[in-house]
Amino acid sequence: FAIANAFEPYVTKDKVTIPALNDQGNSENILVLKGETLIGTTTKTGYRLARPQIPPKYADLIEKLDIKNPCIPSNRPRSDNPDTIRKLQIYC
């Protein structure tokens, strides 16, 4: 919900371009996490960068989780109640 570079590259304040997650040439898989989600809630840690750590036992983890094909939900919760948001069914 908070990934800024899921489909488009993200340009930081100091003009560094971070490739889109779905870019097949992006081998670093760095995520830009915004301080707010698509449904208007805030993230606990705010803006930050994240990168997957692949354990040796699961060298194919990126492929298994299909990370290169991000899914942004098209539905919204009917309420701002945290319990409703937590139980939200995600459909892409």
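Definitions and cut-offs
- Residues numbered from 1 in each chain as written.
- Predicted model: local features only at pLDDT ≥ 70, side-chain atom pairs only at ≥ 80, totals over all residues.
- Heavy atoms only, no water.
- Helix = DSSP H or I, 4+ residues; strand = E, 2+ residues; numbered from the N terminus.
- Buried < 20%, exposed > 50% of the residue type's maximum accessible area, 1.4 Å probe, protein only.
- Polar contact = N/O pair within 3.5 Å; in protein donor to acceptor, adjacent residues only side chain to side chain.
- Contact = heavy atoms within 4.5 Å.
- pLDDT = per-residue confidence, 0-100.

Some points on the overall build of the chain
Then, number 1: Along the chain, the regular secondary structure elements total two helices and four strands.
Then, number 2: Ordering the α and β elements of the chain from the N terminus gives β-β-β-β-α-α.
Then, number 3: Going through the 92 residues of the chain one by one, you find that 23% of them count as buried.

Structural notes on the side chain of Thr 12
Then, number 1: Tracing the chain through its elements places Thr 12 in the loop between β1 (10-11) and β2 (17-18).
Then, number 2: In this structure the side chain of Thr 12 is engaged in a polar contact, spanning 2.5 Å, whose partner is the side chain of Asp 14.
Then, number 3: Look past the residues within four positions of Thr 12 in its chain and what remains in contact with it is Ile 18 and Tyr 47.

Observations concerning unusual backbone geometry
Then, number 1: One non-glycine residue, Lys 15, adopts positive backbone phi at about 70°.
Then, number 2: At Asn 29, a position not held by glycine, the phi torsion is positive, near 55°.
Then, number 3: Position of Asn 29 relative to the elements: it lies in the loop between β2 and β3 (31-33).
Then, number 4: For Asn 29, a relative accessible area of 7% translates into the label buried.

Comments concerning the side chain of Asn 26
Then, number 1: Secondary-structure assignment places Asn 26 in the loop between β2 and β3.
Then, number 2: A distance of 3.0 Å separates a polar atom in the side chain of Asn 26 from the backbone nitrogen of Asn 29.
Then, number 3: If sequence neighbours within four positions are ignored, Asn 26 has contacts with Pro 19, Ala 20, Leu 21 and Lys 68.

What to know about the confidence of the model for the chain
Then, number 1: Overall, the prediction assigns the chain a mean pLDDT of 81, with 83% of residues at 70 or greater.
Then, number 2: Per-element mean pLDDT across the chain ranges from 71 in helix α2 (residues 82-86) up to 95 in β2.

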